[in-house]
Amino acid sequence: MVAAGRGARYDTTMPFDVRDFPAADEPAGVQRQRRLVAVWLFTVCGMILVMVVLGGATRLTGSGLSIMEWEPLRGVLPPLSQHDWEKLFALYRKIPQYTLVNHGFGLAGFKQIFWLEWIHRLWGRLIGLAFLLPLLLLWARGAISRRLVPRLLVIFALGGLQGLVGWFMVASGFEADSTAVSPYRLVIHLSLALVLYVAILWTGLSVLRPVPQAIPGARAARNATGLACGLLALTILAGGLVAGTHAGLIDNTFPLMQGSLVPPDYARLHPLLRDLTQNLPAVQFDHRLLATLTAATVLATLALGLHARLPRGPRLAVAALGAAVLVQYGLGVATLLNAVPPALGIAHQGMAVLLLTAAVVALHALRGGRPWPARPPVPGRPAPVRLEQAGPG
């Protein structure tokens, strides 16, 4: 691997990196196995993306509270008889959402919201199967290294926890005078989904490309990409809070709010944490501010990447990130100006995950650009060669 200077080495370790694959001269059969494992992990990521979109649809249509029981096994089957439908509808008529929002709509209306929530829950179960069954099969075939298996099992366990957190969120909507789930629990549910998504995506990328490319001069672009990832995560969570509090239904103007950049009602609640999470103008403004900072950071990353003359792969990754942030920012403004119509709201939520994907891919592509401090050689001992440092050239 190309050194950054005499005695320098490139640090290729990043969170979720896969560090025990052989170098580029590995047998063709091993390369095929790695591609197979990567395709499986990317498929699971695609299913999680669909799950996030379905979650947004259930929230925007008020469907998330239509199933009042959590039955991980029996819940796989939908109602199979008129008696089953009447029983579930009777349960739904007992919760505040029916009394305060949907009072008077009949069984046909209940079925419409029920099916969306049932598909949402069924899709979550399918994600679990799509992760576990190939994991066991690939492990038995020896396609997954022993060091990677514990991480994948932890990810599977977190997926099971996500189902429990989802029910914890839904249950908050059954409390007295509640017509929607708790925004705090919604953000927790969304956070865990994003952690799972990024962990699986990064693992898949590392399995597919285990040897990072040394990119001299890319340090600034890599640091900017890391900052953009952090800001993007905060922006998405702030967006979850906007969704949970319905803060997007007020102040539907841009860029001003109530005639000024900072809404006059900002910081009217005390303490500050309460204002940031319960004061609707403040909740929306924070999301706007974070989105703008994220977009500016991504565009700065793009400029740094172009200035550094990155190799083709990292350059395309950074360019895709720049394009994605412009699309997402435009979607966000359009969603706000139109008072969050379901179609735009769902598109905005799905595009947020695609933007996160582009950010993670760009960060992964740039992860080999940081030089390690040189270590003085030990007399009489050859310099160690670490597997993850090996590469072509």
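As a reminder, the structure under discussion sits directly above these lines.
In this text, all values refer to a predicted model and were calculated from it rather than measured experimentally.

1. So, the overall build of the protein
Helix and strand counts for the protein stand at 11 helices and two strands. Going from the N terminus to the C terminus, the protein shows its helices and strands as β-α-α-α-α-α-α-α-α-α-α-α-β. A total of 393 residues make up the protein; the buried ones form 46% of that total. If you take every contact in the protein between residues at least 6 apart in sequence, the share linking residues at least 24 apart comes to 80%.

2. Let's talk about the side chain of Thr357
Here Thr357 is to be found in helix 11 (residues 342–365). With residues near it in sequence (within four places) discarded, Thr357 still touches Tyr197 and Leu201.

3. Things to note about the environment of Ala319
Note on placement: Ala319 falls in helix 10 (residues 312–337). With relative accessibility at 37%, the residue Ala319 sits in the partly exposed group. On a C-alpha basis, the gap between Ala319 and Leu299 in space is 9.2 Å, while along the polypeptide they are 20 residues apart.

4. A short note on the nonpolar core
In this structure, Val37, Trp40, Phe131, Ile144, Leu152 and Ile200 are the most contacted members of the largest nonpolar core, which totals 60 residues. Sorting the residues of this core by element identifies helix 1 (28–61), helix 4 (107–141), helix 5 (149–171), helix 6 (183–208), helix 7 (219–245), helix 9 (280–307), helix 10 and helix 11 as the ones contributing at least two each. With residues near it in sequence (within four places) discarded, Ile200 still touches Leu41, Val44, Cys45, Ile48, Phe131 and Ile155. Counting residues in each nonpolar core, the second largest holds 20 residues, with Leu65, Met68, Tyr98 and Phe110 among its members.

5. Quick notes on the pattern of salt bridges
One pass over the structure, following the stated rule, counts three salt bridges. Between Arg74 and Glu71 there is a salt bridge, with its nearest N and O atoms 3.5 Å apart. The exposure class of Glu71 is partly exposed, given its relative accessible area of 24%. Linking Arg185 and Glu175 is a salt bridge whose minimum nitrogen-to-oxygen distance equals 3.9 Å. With Arg185 in helix 6 and Glu175 in the loop between helix 5 and helix 6, this residue pair connects regions lying 10 residues apart in the sequence. In this structure Glu175 comes out as partly exposed when scored by relative accessible area, which is 42%.

6. Quick notes on a nonpolar patch on the surface
A contiguous nonpolar surface patch, about 530 Å² in accessible area, is contributed by Leu126, Leu129, Leu133, Leu136, Trp139 and Leu153. When residues of the nonpolar patch are assigned to their parent elements, the largest contribution, five residues, is made by helix 4. The exposed category is assigned to Leu133, whose relative accessible area is 52%.

7. Details of the packing of aromatic side chains
In total, this model carries 18 aromatic pairs according to the counting rule given. Summarising the aromatic geometry, the rings of Trp115 and Trp118 are spaced 5.5 Å apart at their centres and angled 85° between planes, so their arrangement reads as edge-to-face. In this pair, Trp115 and Trp118 both sit in helix 4, three residues apart, roughly one turn of the helix. When its relative accessible area of 32% is taken as the criterion, Trp115 is described as partly exposed. Judged by its relative accessible area of 14%, Trp118 falls in the buried class. Taken together, a centroid distance of 6.4 Å and an interplanar angle of 15° make the contact between Phe131 and Phe156 stacked. With Phe131 in helix 4 and Phe156 in helix 5, the pair connects residues that are 25 residues apart, well separated along the chain. Judged by its relative accessible area of 4%, Phe131 falls in the buried class. Joined through ring pairs, the aromatic side chains of Trp85, Phe89, Tyr92, Tyr98, Phe105, Phe110, Phe114, Trp115 and Trp118 make up one cluster. The side chain of Arg185 reaches across the aromatic face of Phe168, ending 3.8 Å from its centre.

8. Describing helix 2 (residues 82–92)
All of the buried residues along helix 2 are Trp85, Leu88, Phe89 and Tyr92. When helix 2 is viewed along its axis, its buried side chains cluster within an angular range of 100° and face the same direction. Tucked inside the fold, the buried residues of helix 2 contact helix 3 (96–100) and helix 4.

9. Focus on helix 7
A rise of 1.5 Å per residue sets the reference length of helix 7, with its 27 residues, at 39 Å; its end C-alpha atoms lie 39 Å apart and thus fit the reference within 8%. Trailing helix 7 by a residue or two, His246 shows a phi angle of about 60°, which is positive.

10. Thoughts on the environment of Leu196
Summarising the element assignment, Leu196 is placed in helix 6. Classification of Leu196 by relative accessible area gives buried; the value is 7%. Residues Leu196 and Phe156, spaced 40 residues apart in sequence, show a C-alpha to C-alpha distance of 9.0 Å. Filtering out sequence-adjacent residues up to four positions away, Leu196 remains in contact with Ile155, Leu158, Gly159 and Gln162.

Cut-offs used in this document
- Residues numbered from 1 in each chain as written.
- Predicted model: local features only at pLDDT ≥ 70, side-chain atom pairs only at ≥ 80, totals over all residues.
- Heavy atoms only, no water.
- Helix = DSSP H or I, 4+ residues; strand = E, 2+ residues; numbered from the N terminus.
- Buried < 20%, exposed > 50% of the residue type's maximum accessible area, 1.4 Å probe, protein only.
- Contact = heavy atoms within 4.5 Å.
- Core = buried A, V, L, I, M, F, W, Y, C linked by side-chain atoms within 4.5 Å.
- Salt bridge = Lys/Arg side-chain N within 4 Å of Asp/Glu carboxyl O.
- Patch = residues over 30% accessible without salt bridge, like charges linked within 9 Å, V, L, I, M, F, W, Y side chains within 5 Å.
- Areas by Shrake-Rupley, 256 points an atom, 1.4 Å probe, with all protein chains shown as cover.
- Phe/Tyr/Trp six-rings, centres within 6.5 Å; stacked < 30°, edge-to-face > 60°.
- Lys NZ or Arg CZ within 6 Å of the ring centre and 35° of its normal.
- Arc of directions from axis to C-beta.
- Expected span 1.5 Å × (residues − 1).

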